[in-house]
Amino acid sequence: MDDFSATLKTVQNVFLFFLSFCLAAWALLVDYRIYIAGIMLGSIASMISARFLAWKINKLAAAAIEQTGRKVTLGFLTRAAIAGFVGLVAVRYPEHVALSTTIVGYFFAQLATLVLGILSIRKSKK
């Protein structure tokens, strides 16, 4: 398993822990349910986007090894559509989901990957 796959698996485990924490907070903190729902919705979309990007990167690496000459993109439009859809859900149902926390939650996988990557580099230097 390469470093990228290992990091993504760790991010997925952190994401599942974070999602379970958010679900418990959603059940206990009734006054903040729309904000917690926004965080959960945004982080779910972030993880879907990260998994899709990882799949596309693996396809790109396989195409580079095979040198088929076939063009492989990283699927920016698909990931932007995921973000747009989540934003539309938050705008469409403002009584259930807060748009501001949805946007914040959408950066979860990227920030988790960054932090875990930095921690991995520090651990490897010791």
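Reading the values: rules and limits
Residues numbered from 1 in each chain as written. Predicted model: local features only at pLDDT ≥ 70, side-chain atom pairs only at ≥ 80, totals over all residues. Heavy atoms only, no water. Helix = DSSP H or I, 4+ residues; strand = E, 2+ residues; numbered from the N terminus. Buried < 20%, exposed > 50% of the residue type's maximum accessible area, 1.4 Å probe, protein only. Contact = heavy atoms within 4.5 Å. Polar contact = N/O pair within 3.5 Å; in protein donor to acceptor, adjacent residues only side chain to side chain.

Participant: Explain the environment of Thr-101 here, please?
Facilitator: Structurally, Thr-101 can be placed in helix α4 (residues 99–105). By relative accessible area, which is 14% here, Thr-101 ends up buried. As for Thr-101 and Val-86, which are separated by 15 residues in sequence, their C-alpha atoms are 11 Å apart. Apart from residues no more than four positions distant in its own chain, Thr-101 is found in contact with Ile-34, Tyr-35, Gly-38 and Ile-39. Among the polar contacts listed, one links the side chain of Thr-101 to the backbone oxygen of Ala-98, at a separation of 3.3 Å.

Participant: Honestly, the side chain of Ser-43 in this entry has me stumped. Any pointers?
Facilitator: Looking at where Ser-43 falls in the secondary structure, it is placed in helix α2 (residues 33–66). Sequence-distant contacts of Ser-43, that is, excluding residues within four places in its chain, are made with Phe-15, Phe-18, Leu-19, Gly-105, Tyr-106 and Phe-108.

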